Amino acid sequence: MTTPDRRNGANRPNEPTIVALIPARSGSKRVPDKNIRPLAGHPLMAYSIAAALQSGVFKDVIVSTDSPHYADIARYYGAEIPFMRPGAIAGDTSPDIEWVEDTLKRLAAQDRHYDCFSILRPTSPFRLPATIRRAWDGFTGQTGVDSLRAVEKCSQHPGKMWVIRGQWMTPLLPLGPPEQPWHSSQYPSLPEVYVQNASLEMAWTRVIFEGRTIAGHVVMPFLTEGYEGFDVNSPYDWQLAETLVENNTAQLPDIKQSPYEMEAC
């Protein structure tokens, strides 16, 4: 049997089903309405929607939002909003497990079941369709894992971090030999440490229903490349993202639609 071309939205035979979940709540404090703030003409969330649709990996692409206006924008760019997110789980301190669990349970009640789910946060606009395909190939190629999470090599090593208590401070990681503690060592001599970024997560849905966690216990790394893991959250991030686009330093997913009429926002 010929393997379907997943770039056109077709999954491989016997491949697990996966749903893309894009969280886009309103009420951002650091950057108001960041999920729909224009970047290169399109609202920020549009790039995650476009990457998900063009990857050919997902059975469905769903945006979770508490805002009817955000929902209209998401639909314009091709995502589905089968229901609104309850306000009680749309706060800035609401943990991911709440809205992911709520979404998957409500979808299951509609007889919509998926083997896996992926969280694609709108604040990672430089995540490309190829990024998602690479992660999915890695995830489905492994056995015995619960989830996959995007990481990158940290620039600020935790071995050089401190905890301050009163007038004194102690190393966050008091490791290494006494004669050469990590905080007094050169970066190249320290163990490689990776930090998670917001680019993407993938997991089997069983981790939600069996353990009420979005990661499970066995997590595999997905090493992002270039600006795939760049996270836009602060005004400085916005300025840098705009500069990266203007200078053609970072690539955004291609969007076929004309820009949403953002003056209506």
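Source: prediction; values computed, not measured. (Residues numbered from 1 in each chain as written. Predicted model: local features only at pLDDT ≥ 70, side-chain atom pairs only at ≥ 80, totals over all residues. Heavy atoms only, no water.)

In terms of regular secondary structure, the protein is built from six helices and 10 strands. For 265 residues, the compact-globule estimate of 2.2 N^0.38 gives 18 Å, and the C-alpha radius of gyration of the protein, at 20 Å, lies within 12% of that figure. The 265 residues of the protein split such that 47% are buried. Put simply, 76% of the contacts in the protein that link residues at least 6 apart link residues at least 24 apart. (Helix = DSSP H or I, 4+ residues; strand = E, 2+ residues; numbered from the N terminus. Rg over C-alpha atoms; globule rule 2.2 N^0.38 Å. Buried < 20%, exposed > 50% of the residue type's maximum accessible area, 1.4 Å probe, protein only. Contact = heavy atoms within 4.5 Å.)

In this fold, histidine 42 is placed in strand β3 (residues 42-43). With relative accessibility at 8%, the residue histidine 42 sits in the buried group. For the pair histidine 42 and glutamine 257, spaced 215 residues apart in sequence, the C-alpha to C-alpha distance is 9.4 Å. Excluding anything up to four places from it in sequence, histidine 42 contacts Arg37, Tyr47, Tyr77, Ile255, Gln257, Ser258 and Pro259.

As a general feature of sheets, a regular strand has side chains that alternate between the two faces. Along strand β10 (residues 219-223), the buried face is formed by Met220 and Phe222; none of Val219, Pro221 and Leu223, which line the opposite face, is buried. Here strand β6 (residues 147-153) pairs with β10 via five bridges, running parallel. Across the sheet, residue alanine 150 finds its bridge partner in β10, namely phenylalanine 222. (Pairing = 2+ DSSP bridges.)

Right, let's get into unusual backbone geometry. The phi torsion of most residues other than glycine is negative, and most of the peptide bonds are trans. In this structure, arginine 212 takes a positive phi of about 50 degrees despite not being glycine. With respect to the secondary-structure elements, arginine 212 resides in the loop between α5 (206-211) and β10. In this structure arginine 212 comes out as partly exposed when scored by relative accessible area, which is 46%. Even without being glycine, asparagine 248 reaches a positive phi, approximately 55 degrees. Here asparagine 248 lies in the segment after α6 (235-246).

The subject of this paragraph is the packing of helix α1 (residues 44-55) against helix α4 (residues 129-140). The description of two helices packed together rests on the angle between their axes and the distance between the axes. Contact geometry of α1 with α4 gives a least axis separation of 8 Å together with a crossing angle of 55 degrees. By the angle between their axes, α1 is oblique relative to α4. Along this stretch, α1 crosses α4, giving a crossing that reads as right-handed. On the side of α1, the interface is formed by Ala51, Ala52, Gln54 and Ser55, while α4 contributes Pro129, Ile132 and Arg133. Across the contact of α1 with α4, the residue classes tally to four nonpolar, two polar and one charged. (Axes fitted to C-alpha atoms, helices over the stretch in contact; angles between N-to-C directions. Parallel < 35°, antiparallel > 145°, perpendicular 65-115°, else oblique. Left-handed = near helix turned anticlockwise from the far one by under 90°. Nonpolar A, V, L, I, M, F, W, Y, C, P; charged D, E, K, R; others polar.)

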